[in-house]
Amino acid sequence: MALPTDRLELNVIDSHTGGEPTRTIIGGAPDLTGDNIAEQIECLRAEYDWIRTALTHEPRGYEAMVGALLLGPENPDAVARVVYFNNVGYLGMCGHGTIGVAATLSYLGKISPGEHLLETVTGDVYFTLHEDNRVSFRNVPSYRYKTAVPVQTKSFGTLTGDIAWGGNWFYLCADHGLEISINNLDKLNRCCREIRSTIDAEGIGGENGGIIDHVELFGPPRREDAQSINYVDCPGGEYDRSPCGTGTSAKIACLAAAGKLQPGESWGQESVTGSLFEGSFEWQGDKILPRIMGEAFVTAETTVVIDPTDPLTFGFSQKQSPA
Ligand code: PYC
């Protein structure tokens, strides 16, 4: 990777979805080579990874930030192709990011209420911008892969959880015994770190060797309109401030597989910060098509200056990259 030697500007719109930030790049990014989105992501990773680090690390960003790079779509009916990234790498799908991108496109006057198509590396995602500015999206096919998988931890004993796909791979656990609360972040984080380290050490994975890079802990909700509260540990060691769109999809896939949620029935998923996603599903063969609804608000329009004379222009990280 060659770092830029000239001063550059990246135009971004920041938003938050239920507290979780999305930084959408709307200008200044270089053209990516590649015949498809997977090749374009490879080009971004190999040639321009400094864009990711500059935008999601201090001092120009912070590590909870999820980035979204908008590219021209292949399908003329799609509003954009989107690549999601975070403080340690590139994400398959991102639910809160999809809601954030929709709010950003609406803020820019590029879309009106109605249904729109986004291309992601995990497949096509249709989202609906509602009249009240809320956004729902139909996620990629999701499914429970394994049930009641035991994982030993040093501090929390042997836990059990399901493994499910919701656009990313999740280990979903409810028997951790911890309070899911913003006042308990250190223990929640430690529990997820220990689960991740056993999963990595024992080679526990998703289908076809898929890497489980998200851990989701559940508990009884505080909100009356929710059925569950979650704490979601993301690949870079940050927690999702929102209920996590792909995590809620994975949860709904597990509920559907267990016969605990019926098609069309609503599931209120509260986040550790108290925000809410509403989810439901329909069957597609033996998988589900989840529909997730949430809201996002634009927080800033920013020109990020990449100044090669600044020794910290490409950011510094306090987190370790996942395996
Ligand atoms: O909402 O799917 C999501 C997500 C993944 C990582 C952070 N948010």
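The structure this text deals with has already been given above.
Attention in this report is confined to the structure presented alongside it. Bear in mind the structure is a predicted one, so any value in this text is a computation, not a measurement.

## Details of the packing of aromatic side chains
All told, the structure shown has 7 aromatic pairs when counted by the stated rule. Where Tyr231 meets Tyr239, the ring centres are 5.7 Å apart and the plane angle is 20°; that geometry is what we call stacked. What makes Tyr231 buried here is its relative accessible area of 1%. With centroids separated by 5.4 Å and ring planes inclined at 85°, the aromatic side chains of Phe281 and Trp283 adopt a geometry described as edge-to-face. One aromatic cluster in this structure is built from Tyr143, Tyr145, Trp165 and Trp169.

## Points about the pattern of salt bridges
Considering all chains together, one arrives at 15 salt bridges under this definition. Where Arg45 meets Glu42, a salt bridge forms, and the shortest distance between an N and an O atom there is 3.1 Å. Placement of the pair is Arg45 and Glu42 together in helix H1 (residues 37–47), with a separation of 3 residues, close to one helical turn. Among the residues examined, Arg45 registers a relative accessible area of 40% and is labelled partly exposed. With relative accessibility at 41%, the residue Glu42 sits in the partly exposed group. Between Glu119 and Arg81 there is a salt bridge whose closest N-O contact spans 3.0 Å. With a gap of 38 residues between them, Glu119 in strand E6 (residues 114–120) and Arg81 in strand E4 (residues 78–85) connect regions that are remote in the sequence. A relative accessible area of 6% means that Glu119 is categorised as buried. Among the residues examined, Arg81 registers a relative accessible area of 6% and is labelled buried. Connected through shared salt-bridge partners, Glu74, Arg81 and Glu119 make up one network.

## Details of unusual backbone geometry
Following Glu58, the chain continues into Pro59 via a peptide bond in cis, with omega recorded as 5°. In this fold, Pro59 is placed in the loop between helix H2 (49–56) and strand E3 (66–71). Located in the positive-phi region is Cys244, a residue other than glycine, with phi close to 70°. Cys244 gets classed as buried once you look at its relative accessible area, which sits at 4%.

## Notes on the layout of surface pockets
Within this model, the largest pocket holds a volume of roughly 460 Å³. In terms of lining, the largest pocket is formed by 21 residues, of which the most central are Arg45, Tyr90, Leu91, Gly92 and Asp213. Elements with a contribution of two residues or more to the lining of the largest pocket: H1 and strand E5 (90–91). Per-class residue counts for the lining of the largest pocket are 11 nonpolar, 8 polar and 2 charged. Computed from the structure, the second largest pocket encloses a volume of approximately 260 Å³. Taken together, 16 residues form the lining of the second largest pocket, with Asp162, Leu172, Ala174, Lys251 and Cys254 sitting closest to its centre. For the lining of the second largest pocket, the secondary structure elements donating two or more residues are strand E9 (143–153), strand E10 (157–165), strand E11 (169–173) and helix H5 (245–257). Of the residues that constitute the lining of the second largest pocket, the class distribution is 8 nonpolar, 3 polar and 5 charged.

## Here we look at the site of the ligand
The environment of the ligand is formed by Glu20, Cys94, Gly95, His96, His214, Cys234, Asp240, Cys244, Gly245 and Thr246. The contact in question runs from an oxygen atom of the ligand to an N or O atom on the backbone of Gly95, over 2.7 Å. A distance of 2.7 Å separates an oxygen atom of the ligand from a polar atom in the backbone of His96. Protein burial of the ligand: of its 240 Å² of free accessible surface, 99% is covered by the chains.

## Let's talk about helix H3 (residues 95–107)
For H3, which comprises 13 residues, the first-to-last C-alpha distance of 18 Å matches the rise-based estimate of 18 Å (1.5 Å per residue) to within 8%. Most of H3 is tucked away, with 11 of its 13 residues classed as buried.

## As for the packing of H1 against H2
The N-to-C vectors of H1 and H2 enclose an angle of 75°; their axes lie 5 Å apart at closest approach. With respect to each other, H1 and H2 are oriented roughly perpendicular. Contacts between H1 and H2 involve Leu44, Arg45 and Glu47 on the former and, on the latter, Asp49, Trp50 and Ile51. Among the residues forming the contact of H1 with H2, the class breakdown is 3 nonpolar, no polar and 3 charged.

The rules behind each value
- Residues numbered from 1 in each chain as written.
- Predicted model: local features only at pLDDT ≥ 70, side-chain atom pairs only at ≥ 80, totals over all residues.
- Heavy atoms only, no water.
- Phe/Tyr/Trp six-rings, centres within 6.5 Å; stacked < 30°, edge-to-face > 60°.
- Buried < 20%, exposed > 50% of the residue type's maximum accessible area, 1.4 Å probe, protein only.
- Salt bridge = Lys/Arg side-chain N within 4 Å of Asp/Glu carboxyl O.
- Helix = DSSP H or I, 4+ residues; strand = E, 2+ residues; numbered from the N terminus.
- 1 Å grid on protein atoms, 1.4 Å probe; cavity = no way out; pocket = protein on both sides within 12 Å on 5 of 7 lines; lining within 4 Å.
- Points joined across faces, edges and corners; volume = space filled by probe spheres on them.
- Nonpolar A, V, L, I, M, F, W, Y, C, P; charged D, E, K, R; others polar.
- Near = heavy atom within 4 Å.
- Polar contact = N/O pair within 3.5 Å; in protein donor to acceptor, adjacent residues only side chain to side chain.
- Areas by Shrake-Rupley, 256 points an atom, 1.4 Å probe, with all protein chains shown as cover.
- Expected span 1.5 Å × (residues − 1).
- Axes fitted to C-alpha atoms, helices over the stretch in contact; angles between N-to-C directions.
- Parallel < 35°, antiparallel > 145°, perpendicular 65-115°, else oblique.
- Contact = heavy atoms within 4.5 Å.

Limitation: the analysis is restricted to geometry and does not speak to function.
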